[in-house]
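# Tertiary structure, described
Spelled out, the chains give:
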Amino acid sequence: MVKACLESERERVHAEIRAYPTPIPRCDAQFNHLIEQRDRLFQELSRLDAARSSAAADDAAARVEAFIEASGCLDDDAKLRLKSALSEERVRPEIS
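To keep things clear, this report deals only with the structure shown in the data block. Because the structure is a prediction, the values reported are computed rather than measured. Every chain is numbered on its own, with residues counted from 1 as its sequence reads. Thresholds applied to this predicted model are a pLDDT of at least 70 for local features of residues and 80 or more for the giving and counting of side-chain atom pairs; totals over whole chains, interfaces and linings are not thresholded and use all residues. Calculation of side-chain values draws on the structure's entire complement of heavy atoms; hydrogens and water are dropped beforehand.

Turning to the environment of Lys83, a few remarks are in order. Going along the chain from the N terminus, every DSSP run of H or I of four or more residues is numbered as a helix, and every run of E of two or more is numbered as a strand. As for its position among the elements, Lys83 is in helix α4 (residues 76-91). Contacts are residue-level and defined by heavy atoms, with any inter-residue pair within 4.5 Å sufficient. Ignoring anything within four residues of it in the chain, the contact list for Lys83 reads Glu65, Ile68 and Glu69. Each polar contact in these results corresponds to two N or O atoms within 3.5 Å; when the atoms are within protein, one needs to be able to donate a hydrogen and the other to accept it, and residues that are neighboring in sequence are counted only if both atoms are side-chain atoms. Only 2.4 Å separates the side chain of Lys83 from the side chain of Glu69, close enough to count as a polar contact.

Salt bridges are defined as contacts in which a side-chain nitrogen from Lys or Arg sits within 4 Å of a carboxyl oxygen from Asp or Glu. Across all of its chains, the model carries six salt bridges by this definition. A salt bridge links Arg38 to Asp39; the shortest N-O distance between them is 3.5 Å. Burial classification: accessible surface area is computed with a 1.4 Å probe over protein chains only, and a residue below 20% of its type maximum counts as buried, one above 50% as exposed, and the rest as partly exposed. By relative accessible area, which is 27% here, Arg38 ends up partly exposed. Salt bridges sharing common partners tie together Glu9, Arg12 and Glu16.

All right, on to the nonpolar core then. One finds Val2, Leu6, Phe67, Ile68 and Leu74 to be the most contacted residues of the largest nonpolar core, which totals 17 residues. Counting residues per element, the ones that place at least two in this core are α1 (2-18), α2 (29-54), α3 (57-70) and α4. Counting residues per element, this core draws most heavily on α2, which supplies five residues. Remark: nonpolar core denotes a set of buried residues (Ala, Val, Leu, Ile, Met, Phe, Trp, Tyr, Cys) joined through side-chain atoms within 4.5 Å.

A cavity here means a set of points on a 1 Å grid, drawn over the protein atoms and nothing else, where a 1.4 Å probe fits but cannot get out; a pocket is an open set with protein on both sides within 12 Å along at least five of seven lines, and a residue lines either one if it has an atom within 4 Å of a point. Grid points are joined across faces, edges and corners, and a volume is the space filled by probe spheres set on the points. One number sums up the size of the largest pocket: a volume of about 290 Å³. Together, 14 residues line the largest pocket, and Met1, Val2, Val64, Leu86 and Glu89 are the ones closest to its centre. Of all elements in the fold, only α1, α2, α3 and α4 reach the threshold of two or more residues within the lining of the largest pocket. Per-class residue counts for the lining of the largest pocket are 10 nonpolar, no polar and four charged. Residue classes follow a fixed rule: Ala, Val, Leu, Ile, Met, Phe, Trp, Tyr, Cys and Pro count as nonpolar, while Asp, Glu, Lys and Arg count as charged, and any other residue, Gly among them, counts as polar.

What follows deals with the packing of aromatic side chains. In summary, the pairing rule links any two rings of Phe, Tyr or Trp, Trp by its six-membered ring, whose centres are within 6.5 Å, and it sorts them by plane angle into stacked for under 30 degrees, edge-to-face for over 60 and tilted for everything else. Scanning the model with the defined rule gives one aromatic pair in all. Centre to centre, the rings of Tyr20 and Phe31 are 5.0 Å apart; their planes meet at 55°, and the pair counts as tilted. Placement of the pair is Tyr20 in the loop between α1 and α2 and Phe31 in helix α2, with a sequence separation of 11 residues.

Geometrically, the link from Thr22 to Pro23 is a cis peptide bond, its omega value of -5° lying close to zero. Residue position: Pro23 is located in the loop between α1 and α2.

Attention now goes to the side chain of Ser71. You can see Ser71 is positioned in the loop between α3 and α4. In terms of polar contacts, Ser71 uses its side chain to reach the backbone amide nitrogen of Cys73, at 3.2 Å.

Right, let's get into α1. For α1, built from 17 residues, the straight-helix expectation of 24 Å at 1.5 Å per residue is met to within 8% by its first-to-last C-alpha distance of 24 Å. Within α1 the residues assigned to the buried category are Val2, Leu6, Val13 and Ile17. The buried residues of α1 occupy an angular sector of 45° when projected down its axis, which confines them to one face. By this rule, a helix spans an expected 1.5 Å times one less than how many residues it contains. The directions considered for the arc run from the helix axis to the C-beta atoms.

Here it is as structure tokens:
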């Protein structure tokens, strides 16, 4: 769910970059901000993958929650929704 949220934002930024009117001067602050956002989202996705792959199964939820809290690409509402979903997933009983 966290990855889907970040990838959705990344796609939004990519679409905005593709639709940006040309020619683009080097000093265009708005375009440069979009490029920085794209780079941050790429780094966040890489960091999430690393957190998920390096964690033991019982530690994975705690690592993902720490990732959510530290993310600079997620707004407060998204963080709250994702942490709530993560908590619900933890308490959901396993079906054998």
